[in-house]
Protein chains: 2
Amino acid sequence: MAEKIRFLLTSVGRRASLVNFFTKELSGIGELLLSDMSVYSAALHTGGKRVFLPGYRSEDYLETLLRACDENSVSGMASLTDYELNFLSSAKDKLKDHGVTFFGPNAEVSQKCLDKWLLSKELERLGFPFVKSYIELNEFKKALAAGELEFPVFIKPRFGSGSLNTFVAENMREVEFYYEKYKDTIVQEYLVGDEFGVDVYRDILSGETVSIFLKKKFSMRAGETDKAVSVKTPRLFEIVEEFAYKFGITGVADMDILYSCGEYYIFDVNPRFGGGYSLAHECGCNFPRYMLNNLRGIKNERAIGNYKEDICMFKSDGAVFTGMNDPAFRGNLNG
Amino acid sequence: MAEKIRFLLTSVGRRASLVNFFTKELSGIGELLLSDMSVYSAALHTGGKRVFLPGYRSEDYLETLLRACDENSVSGMASLTDYELNFLSSAKDKLKDHGVTFFGPNAEVSQKCLDKWLLSKELERLGFPFVKSYIELNEFKKALAAGELEFPVFIKPRFGSGSLNTFVAENMREVEFYYEKYKDTIVQEYLVGDEFGVDVYRDILSGETVSIFLKKKFSMRAGETDKAVSVKTPRLFEIVEEFAYKFGITGVADMDILYSCGEYYIFDVNPRFGGGYSLAHECGCNFPRYMLNNLRGIKNERAIGNYKEDICMFKSDGAVFTGMNDPAFRGNLNG
C-alpha cells in the first residue's frame with residue numbers, strides 16, 4: 001500500500017472552498033493539514049487537521065513549520081498568501097531536506113511577483129507588453145514631461161497585495177500627496193480595457209504547462225475577483241504558456257491580464273491559488289489533483305483549454321460558524 | 001386554505017444566505033420573489049422567482065415595481081440596499097394601496113439612517129450618547145480650536161454606505177484635501193473601543209421590539225462584518241430597545257454601536273437586514289419568520305436575548321455558479 005500523502009496548506013484565511021477541494025482529492029489517499037496565524041480563519045474551521053504555526057515574521061516560524069512537517073510526515077505544502085509565500089520561497093531547499101515539496105517559486109521569481117516594479121522590468125526584458133511603471137517621483141515627472149504617459153495614473157503600494165491603498169490620481173498634487181503619506185509607492189499608467197484572470201498549472205515534474213484557465217472579470221471587490229465568466233482565447237493561451245516557461249512559474253499561479261489597445265498586458269502574477277480559482281475548479285480544472293499527482297511521482301498530461309466555457313461565478317456571502325468552546329480558541333487546535 | 005404569501009426581496013446582491021433563509025421559511029406557505037438591477041447578482045441565481053426591476057433611479061422604477069407586485073400578488077417586500085430602501089420609504093403608502101406591506105421605515109426615519117449628520121443630531125435630541133460630527137469645515141475648525149475633539153479624526157461621505165472612502169485624517173491638511181476632493185463630507189471624532197453589531201426586530205403589528213441580537217465584531221472587510229461572536233449584554237438590550245422605540249424602527253434594522261470610555265455610542269443605523277445577519281439566524285433568531293408572521297396577522301412574542309451565546313461567524317469565500325445560457329442573461333429572467 002502506498003504511503004498516505006499529508007498535504008499542508010498554510011495561511012488558509014477565508015478560503016473554505018480550497019479546503020473542500022483538497023479534502024475531496026485527498027479522500028482515501030491522504031490527509032489535509034491546515035494552518036493560519038489567526039484561529040479566527042474561516043477555512044481553519046472547515047475541515048482538516050489543524051497545525052499551529054506562528055506568523056511568518058516570527059523568529060521561530062521556520063523551526064516550528066519544519067517540526068510540524070516532521071511530526072506529521074508532511075510531503076507537500078502550499079501557502080495562500082503572498083508574504084508568507086515569499087518567505088518560504090527562500091526555504092525551499094530546507095523544506096526539501098525535510099521531505100517536503102513546496103509548491104511555489106524560488107526566491108528570485110517570488111520577488112518579481114511581489115514587486116510590481118521588478119515585474120514590469122522583467123516583462124520588458126522578456127519581450128512582453130508591460131505597464132509603464134515609476135517608483136521615483138522625479139522619474140515619473142520626467143516621463144510625464146516627455147509625454148510617455150498622462151493623467152489620470154494609477155498610484156499604489158509597490159509591494160501591495162490586493163487593491164489596498166490603490167488610487168487613481170488626477171493630478172500632480174494628488175501624486176505628491178500620496179508620496180508624502182506612503183512609503184514604497186509606484187505610479188503606473190492607467191490602462192483601460194477587458195480584464196482577464198488566469199489560473200495556470202505548470203507541472204513540477206515535466207516542466208510543462210498543463211492547464212491554463214481563462215476568465216473574463218466583470219467585477220472586483222476587496223481586491224478579489226467578485227464576478228467572472230470562463231472564456232477561451234487562443235492568443236492568451238499562447239502568451240500565458242510562453243510567459244510561464246520564461247518567467248519560471250512552478251506549480252500553481254494566478255495572473256491578471258489587461259487587454260487594452262490590441263495588446264495583452266500582464267500586470268500581476270501571484271505564484272499561488274488566486275482568489276477566483278473556484279471558477280476554474282467548477283469548470284473542470286483540478287489543480288489540487290495535479291499537485292497530488294506530482295507528489296506521487298505522476299506527471300500530468302497537457303490539458304490546456306479543457307474546461308467548460310461560458311460559466312459565470314458570482315461570489316456570495318458564505319460563512320463558517322463555530323462555538324467559542326472550539327479548542328482552537330484555547331490554543332489547542334485539535335481538541 | 002390560507003392564501004399563499006408572495007414575498008419580494010429587492011436588491012438581493014450577493015446575499016445568497018438570506019435567499020436561503022426566506023426560501024426555507026416560505027416553504028409550504030408561499031413563494032419568494034427576487035430582484036436585482038444586475039442580472040449578475042449572486043443571490044438572484046440562488047433560488048426563487050426572479051422579477052425584473054430597473055434601478056431605483058430609473059423613471060419607471062416605481063411603476064414597474066407596482067405592476068410586478070400586482071401581477072405576482074405580492075403581499076410583502078423588503079429591500080437590501082440603503083438607497084433603494086430610502087426611495088421606497090417614500091412610497092410606503094402607494095405600496096400599501098397595492099396590497100404590499102413594505103418592511104421599512106417611513107421617509108423621515110429613513111433619511112436619518114442615510115445621513116450620518118442627521119443621525120448624530122437625532123441621537124443628541126433623544127438623549128443618547130452620540131459621535132461628535134461636523135459637516136462644515138469651519139465648524140470643525142472651531143470645534144478643534146475649542147478643544148471639543150482632536151486629531152486623528154474620521155472623515156467620510158456624509159451619505160456613505162459601507163466603508164467606501166472612509167479615512168483617518170491625521171492633520172488639517174488631510175482634512176482640507178478630502179473636502180476638496182469629495183462632496184458631502186462629514187468629520188467625526190475618532191473613538192476607539194469594542195464594536196458591536198446589532199440585529200433588531202420591532203414587530204410591525206404590536207410595535208414591540210421582540211428580538212435583539214448582539215454580536216461583538218472583531219474584523220471588518222469591504223464595510224461588512226467579517227468575523228464576530230454572539231454575546232449578551234443586558235445594558236445594550238435596554239439601550240437598543242429604548243432606541244428602537246424612540247427612533248421609530250419598523251421591522252428589521254441593523255445597528256453599529258461602539259463601546260468607548262464607558263459609553264455605548266450608536267453610530268450607524270440601517271433599517272434593513274445587515275451584512276452580518278447570518279450569525280443571528282445561525283444562533284436561533286429568525287427575522288424572516290417574524291416578517292411572515294406579521295404578514296399573516298400574527299404578532300410575534302417578545303424573545304429578547306433568546307439565542308445561542310458564544311457562537312463565532314467567519315465569513316468565507318462562497319460563490320454561486322451559473323451558465324451564460326441562463327435566460328436571465330437574455331433579459332428573460334424565468335426561462
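Residues numbered from 1 in each chain as written. Chains lettered and ligands numbered in written order. Predicted model: local features only at pLDDT ≥ 70, side-chain atom pairs only at ≥ 80, totals over all residues. Heavy atoms only, no water.

(A) View of the packing of helix α7 (residues 137-145) of chain A against helix α8 (residues 172-181) of chain A. Residues and elements named next belong to chain A. Where α7 meets α8, the axes come as close as 11 Å, and the angle between the chain directions of the two elements is 165°. As judged from the angle between their axes, α7 and α8 are roughly antiparallel. α8 is crossed by α7, and the crossing has right-handed handedness. Where α7 abuts α8, its residues Leu 137, Phe 140, Lys 141 and Leu 144 lie against Met 172, Val 175, Glu 176 and Tyr 179. (Axes fitted to C-alpha atoms, helices over the stretch in contact; angles between N-to-C directions. Helix = DSSP H or I, 4+ residues; strand = E, 2+ residues; numbered from the N terminus. Parallel < 35°, antiparallel > 145°, perpendicular 65-115°, else oblique. Left-handed = near helix turned anticlockwise from the far one by under 90°. Contact = heavy atoms within 4.5 Å.)

(B) Spotlight on the packing of aromatic side chains. Taken as a whole and judged by the stated rule, the model has 52 aromatic pairs over all chains. For the ring pair Phe273(A) and Tyr277(A), a centre distance of 4.9 Å and an interplane angle of 70° mean the geometry is edge-to-face. Take Phe273(A) and Tyr277(A): they sit in the same class, and that class is buried. Where Tyr56(B) meets Phe87(B), the ring centres are 6.5 Å apart and the plane angle is 50°; that geometry is what we call tilted. Of the two residues, Tyr56(B) is situated in the loop between β3 (49-50) and α2 (61-71) and Phe87(B) in helix α3 (residues 82-89); the sequence distance between them amounts to 31 residues. By relative accessible area, Phe87(B) is classed as partly exposed at 31%. (Phe/Tyr/Trp six-rings, centres within 6.5 Å; stacked < 30°, edge-to-face > 60°. Buried < 20%, exposed > 50% of the residue type's maximum accessible area, 1.4 Å probe, protein only.)

(C) Structural detail: the domain arrangement of chain A. Assigned domains within chain A: domain 1 (5-102), domain 2 (132-189) and domain 3 (192-312). One C-alpha centre belongs to domain 2 of chain A, the other to domain 3 of chain A, and the line joining them spans 28 Å. (Domains from an automatic or database assignment.)

(D) Structural view of the pattern of salt bridges. The full count for this structure, using the stated rule, is 46 salt bridges over all chains. Across the pair Lys112(B) and Glu108(B) runs a salt bridge, and its minimum N-O distance is 3.2 Å. Here Glu108(B) and Lys112(B) lie together in helix α5 (residues 107-114), a separation of 4 residues that amounts to about one turn. Look at Lys112(B) and you get buried, because its relative accessible area is 13%. Between Lys246(B) and Glu242(B) there is a salt bridge, and its shortest N-O distance comes to 2.7 Å. Here Lys246(B) and its partner Glu242(B) are both found in helix α9 (residues 234-247), 4 residues apart, which amounts to about one turn of the helix. When its relative accessible area of 38% is taken as the criterion, Glu242(B) is described as partly exposed. Sharing partners across several salt bridges, the network here consists of Glu108(A), Lys112(A), Glu122(A) and Arg125(A). (Salt bridge = Lys/Arg side-chain N within 4 Å of Asp/Glu carboxyl O.)

(E) Region of interest: the relation of the copies chain A and chain B. Laying chain A over chain B is done by rotating through 180° and shifting 0.0 Å along the axis; what remains is an RMSD of 0.0 Å. What we have between these two chains is a two-fold relation. Across chain A, the smallest distance between a C-alpha and the rotation axis is recorded for Gly318(A), namely 2.1 Å. Most of the interface of chain A is mirrored in chain B, where 100% of its interface residues are also at the interface. (Least-squares fit on C-alpha atoms with pLDDT ≥ 70 in both.)

(F) View of the sheet that holds strand β8 (residues 167-169) of chain B. Residue and element names in this part refer to chain B. The 4 strands lie next to each other as β6-β9-β7-β8, forming an open sheet whose pairing is antiparallel. Sheet topology places β6 (133-134) and β8 at the edges, where each strand pairs with a single neighbour. Looking at chain direction, β6 and strand β9 (residues 185-189) are connected through 2 bridges and run antiparallel. Residue pairing in the sheet places Ser 133 in a bridge with Gln 188 of β9. (Pairing = 2+ DSSP bridges.)

(G) Representation of unusual backbone geometry in the model. All names here are of chain A. A cis geometry characterises the amide bond from Phe 151 onward to Pro 152, with omega recorded as -5°. Structurally, the position occupied by Pro 152 is in the loop between α7 and β7 (153-157). Its identity as a non-glycine residue notwithstanding, Asp 184 has a phi of 50°, on the positive side. Within the element layout of this structure, Asp 184 appears in the loop between α8 and β9 (185-189).

(H) How the structure looks around the environment of Ile311(A). Along the chain, the position of Ile311(A) falls in strand β15 (residues 311-315). Under the relative-accessibility criterion, Ile311(A) is labelled buried at 15%. Each C-alpha atom, one on Ile311(A) and one on Thr10(A), is 29 Å from the other, the two residues being 301 residues apart in sequence. Apart from residues lying up to four places away in sequence, Ile311(A) is in contact with Ala228(A), Val229(A), Ser230(A), Leu279(A), Glu282(A), Cys283(A), Phe321(B), Thr322(B) and Gly323(B).

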